[in-house]
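# Commentary on secondary and tertiary structure
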Amino acid sequence: MGREENIDNLPPYFLGSIVLIKGSEPKSEIIDGQQRLTTLTILLSVLRSLADTRYVRALTTYLYQEADLIANTPNRYRLQLRQRDAYFFQEYIQNEGGIEKLVALETSVLPDSQKNIRDNALIFLQKLKGFSASHRILLAQTIINRCFLVVVSTTSFDSAYRIFSVLNDRGLNLSHSDILKAQMIGEIPEQEQTLYTNKWENIEVELRRETFQSLFAHIRMIYRKAKPQDTVLKEFRDYVWPTRDTQQALKAKEFIDRVLIPFANAFSDIKDMDYESTNGAEKVNNILGWLNKIDNSDWLPSAILYYSRNKLDQDKLLHFFSDLVRLAAGMMILRANVNQRIDRYASLLTAIENNDDLYASGSPLQLTKQEQKDIITALNGDLYGWGHCKYVLLRLNEALSTGGVKTDYTIFSIEHVLPQTPKSNSQWLTWFPDEVEREKYVHQLGNLVPLGRKKNSEAQNYDFAIKKEKYFKLKTGVSPFPLTTLVINETEWTPLVIERRQQALVNTLKDIWRLN
């Protein structure tokens, strides 16, 4: 803003549209626009904290309507956040003196939502301290007089969602969990709403917001057992929590207690590898770790459903997850597309619900004879370049490990022992004189090893003896990759060595995944 500017000659500024659900009462529920209104409230609060005393009362009126002792009414806040954050927002943002208390507040005990409020307020505070007092007042006047919103209100969730979908062209996802929460809590008797609001929000905090959103997609799959044909919200309400006048429909309290909470707990334990039992939990958590490394999450609904039903039976979980990771890894190696995966896991969900024998021949949990044969063929082909290559190498690395060294699985790359482009005068061309033969072996499992990224970034097409010394040996004498250490024991790297290694590694995988 230039120093000569005043409110009369500033152009209007459009802040977009907000969508409300509004009945006959003055209060409205915000479907779209909560973040903008929250940000504006924080900004006005910071401006008030820096303003001369003569402006404080005027700015306060835009944050809340002051209590009326004659009418016996309390402060009425212009914007109210969800119950978990409402008091914090009132105390540290909307009430006078809140910003000053916020500056000194210890953040380590705050949930993410409240940390974000504090961080945003402090950024505004830092920036606005650099403005002159007159420019801060001009900014406040601009927000109140020159910033405009289009307000669209409706009386139902369905119409609000449709309006949002038409108006919103910014690629932002509507929080379906917020809409479902508001509608479900609204159907619970008023005296129990606080209890069930806390139950819902405790889950959301535990999972964190983004993960919590994905939980609803997994629950939708458990009930729908098909690829989405519409939005998660619509399908959730059509198949999980349908129109409440249907006889089979779950009541809101029943859904929260019998579906949302147990599925959320299962989801959290599976993703965090946090299964607990009196003994043997480590085995279950290890398998969950391998499931979480699968390059898709289509297996999760089946895992959530089975875990929630059998959490107290460790042997059942160990058996089921051992076969689930076998199935998921097998489909990944076969490069099954999303439709094939969805169909398979839909059948598995049905089998779990029907209490079918999941370990019988023909069960959707089991790999067919043909699938096992095709997996072996894929493992014997060119493995490099596919997303599952690292997974296979890591799985082998664990199988060959004696438990001595823990590997940071996030910091490694794949090295070809026989280089992809050997030098013309190298020993490699003596061992592999035929280009067609080299192409046959170079991307095979037997020629691939995991290697630390720092080492790999230095990689050259050295002859085998030099390569072993420079890349496969560590100063400590201990490699985090037993699969790589085995290369050091070889004196040469010929087709016969690769074939021997290939057969041994594939046989190990056949044992791991029971491939006949």
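Residues numbered from 1 in each chain as written. Predicted model: local features only at pLDDT ≥ 70, side-chain atom pairs only at ≥ 80, totals over all residues. Heavy atoms only, no water.

### Some details on the overall build of the protein
Counting its regular elements, the protein contains 24 helices and 7 strands. Counting all 516 residues of the protein, 45% fall into the buried class. By sequence separation, contacts in the protein at least 24 residues apart represent 67% of the contacts at least 6 residues apart. (Helix = DSSP H or I, 4+ residues; strand = E, 2+ residues; numbered from the N terminus. Buried < 20%, exposed > 50% of the residue type's maximum accessible area, 1.4 Å probe, protein only. Contact = heavy atoms within 4.5 Å.)

### Some points on the sheet that holds strand S2 (residues 28-32)
Read across the open sheet, the 3 strands follow the order S2-S1-S5; overall the sheet is mixed. Every interior strand has two partners, whereas the edge strands, S2 and strand S5 (147-154), have only one. For this sheet, the mean inter-axis angle between neighbouring strands, taken without regard to orientation, is 40 degrees. Pairing between strand S1 (residues 13-22) and S5: 7 bridges, direction parallel. In the sheet register, serine 17 faces S5, and the bridge partner there is valine 150. Of the strands in this sheet, S1, S2 and S5 touch helix H1 (residues 34-50), which is tilted by about 115 degrees from S1. (Pairing = 2+ DSSP bridges. Axes fitted to C-alpha atoms, helices over the stretch in contact; angles between N-to-C directions.)

### Side note on a negative patch on the surface
A surface patch of like charges, here negative, comprises Glu206, Asp272, Asp274 and Glu276. Note on placement: aspartate 272 falls in helix H12 (residues 252-272). (Patch = residues over 30% accessible without salt bridge, like charges linked within 9 Å, V, L, I, M, F, W, Y side chains within 5 Å. Areas by Shrake-Rupley, 256 points an atom, 1.4 Å probe, with all protein chains shown as cover. Salt bridge = Lys/Arg side-chain N within 4 Å of Asp/Glu carboxyl O. Lys, Arg positive; Asp, Glu negative; His and termini not counted. Charge placed at Lys NZ, Arg CZ, Asp CG, Glu CD.)

### Section: the pairing of strand S6 (residues 413-416)
Here S6 shows a buried face lined by Ser413 and Glu415 and a second buried face lined by Ile414 and His416. Relative to strand S7 (residues 448-451), S6 is paired through 4 bridges, and the arrangement is antiparallel. Paired with histidine 416 across the bridge in S7 is leucine 448.

### Focus on the packing of helix H9 (residues 190-207) against H12
The geometry of H9 relative to H12 is characterised by a closest axis approach of 10 Å and an angle of 15 degrees between their N-to-C directions. With respect to H12, the element H9 is oriented roughly parallel. Our pair here, H9 against H12, has a crossing hand that is left-handed. Touching Glu192, Tyr196, Lys199, Trp200, Ile203, Glu206 and Leu207 of H9 are Lys253, Ile256, Asp257, Leu260, Ile261, Ala264, Phe267 and Ser268, all from H12. Class assignment for the residues of the contact of H9 with H12 results in 9 nonpolar, 1 polar and 5 charged. (Parallel < 35°, antiparallel > 145°, perpendicular 65-115°, else oblique. Left-handed = near helix turned anticlockwise from the far one by under 90°. Nonpolar A, V, L, I, M, F, W, Y, C, P; charged D, E, K, R; others polar.)

### Thoughts on the confidence of the model for the protein
Summary statistics for the protein give a mean pLDDT of 85 and a share of 88% for residues scoring 70 or more. Considering each helix and strand of the protein separately, the mean pLDDT is smallest for helix H21 (residues 453-457), with a value of 55, and largest for helix H14 (residues 300-310), with 97. Here residues 243-249 is modelled with pLDDT under 50, and outside its nearest four sequence neighbours on either side it reaches 7 contacts, counting other chains as well. (pLDDT = per-residue confidence, 0-100.)

### A closer look at the pairing of S2
Where S1 and S2 come together, 4 bridges link them in antiparallel fashion. Note on S2: the bridge partner recorded for lysine 22 is serine 28. Linking S1 back to S2 in an antiparallel pair, the connection comprises 5 residues.

### Here we look at the pattern of salt bridges
Here the structure, examined in full by the defined rule, presents 18 salt bridges. Ionic pairing is found between aspartate 112 and arginine 208, a salt bridge with its closest N-O pair at 2.0 Å. Of the two residues, aspartate 112 sits in helix H5 (residues 112-128) while arginine 208 sits in the loop between H9 and helix H10 (209-224), which places them 96 residues apart along the sequence. A salt bridge links lysine 181 to glutamate 201; the shortest N-O distance between them is 2.5 Å. Placement of lysine 181 in helix H8 (residues 176-187) and of glutamate 201 in helix H9 is noted, with a sequence separation of 20 residues between them. Taken individually, lysine 181 and glutamate 201 each receive the classification buried, so the pair is uniform in this respect. What you see here is one network of salt bridges that share partners, running through Arg220, Arg224 and Glu235.

### What to know about the packing of aromatic side chains
Per the counting criterion, the structure on display carries 17 aromatic pairs. Ring plane angle 90 degrees and centroid distance 5.1 Å describe the contact between phenylalanine 212 and phenylalanine 216, whose orientation is recorded as edge-to-face. Of this pair, phenylalanine 212 and phenylalanine 216 are both found in helix H10, 4 residues apart, which corresponds to roughly one turn of the helix. Accessibility expressed as a relative area gives 0% for phenylalanine 212, which makes it buried. The class for phenylalanine 216 is buried, based on a relative accessible area of 0%. (Phe/Tyr/Trp six-rings, centres within 6.5 Å; stacked < 30°, edge-to-face > 60°.)

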